[in-house]
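As a plain string of letters, each chain reads:
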Amino acid sequence: QVQLVESGGGLVQPGGSLRLSCAASGAIYRIYGVNWYRQGPGTQRELVAYIGWGGDTNYADSVKGRFTISRDNAKNTVYLQMTSLEPEDTARYYCNADVRRWIGDMLQNYWGQGTQVTVSS
């Protein structure tokens, strides 16, 4: 089985920064596309950022220029560097990944449990 564990959330003042990590463990041949989603109070889950196996990225308009997604394939870890944080960024952030557990496996989709980010003075 594959597990995704997010970390790095916390309480930060407006204008501050945080770096979230999504570490994958278990039977992993390769991790393909990885998404960061977030869900704030009373809102639907929204896609924040995406990174492909080759490093191609995409961002929600609301975070462009402030958030940067990156990955370390050797560590099976994806990061989300968040800067210039705003109260509107307050949410639980989830990692979502497409994984092949072995050569020839079908792509499996996994979610982490999330990490809470609170932006408040």
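Residues numbered from 1 in each chain as written. Predicted model: local features only at pLDDT ≥ 70, side-chain atom pairs only at ≥ 80, totals over all residues. Heavy atoms only, no water.

A.B. asks: What is the right way to look at the nonpolar core in this model?
C.D. replies: Nonpolar side chains in soluble globular proteins tend to end up buried together. The biggest cluster of nonpolar side chains holds 31 residues, and the ones touching the most others in it are Trp36, Phe67, Ile69, Leu80, Met82 and Tyr93. Elements represented by at least two residues in this core include exactly strand E1 (2–7), strand E3 (18–26), strand E4 (30–39), strand E5 (46–51), strand E7 (67–72), strand E8 (77–82), strand E9 (91–100) and strand E11 (115–119). It is E9 that contributes the most residues to this core, 5 residues altogether. Excluding residues that lie within four positions of it along the chain, isoleucine 69 makes contacts with Val34, Trp36, Ala49, Tyr50, Ile51, Thr57, Tyr59, Val78, Tyr79 and Leu80. (Core = buried A, V, L, I, M, F, W, Y, C linked by side-chain atoms within 4.5 Å. Buried < 20%, exposed > 50% of the residue type's maximum accessible area, 1.4 Å probe, protein only. Helix = DSSP H or I, 4+ residues; strand = E, 2+ residues; numbered from the N terminus. Contact = heavy atoms within 4.5 Å.)

A.B. asks: Explanation requested: the pattern of salt bridges in the structure shown.
C.D. replies: Note on pairing: side chains with opposite charge can pair once their charged atoms come close. Applying the stated rule across the entire model yields 6 salt bridges. With a shortest N-O distance of 2.7 Å, glutamate 46 and arginine 38 are connected by a salt bridge. Classification of arginine 38 as buried rests on a relative accessible area of 5%. Its salt-bridge partner being arginine 66, residue glutamate 86 comes within 3.9 Å of it at the nearest N-O pair. Residue glutamate 86 is found in the loop between E8 and E9, and its partner arginine 66 is found in the loop between strand E6 (57–59) and E7; the two are separated by 20 residues along the sequence. For arginine 66, a relative accessible area of 11% gives the class buried. Connected via shared salt-bridge partners are Arg38, Glu46, Arg66, Glu86 and Asp89. (Salt bridge = Lys/Arg side-chain N within 4 Å of Asp/Glu carboxyl O.)

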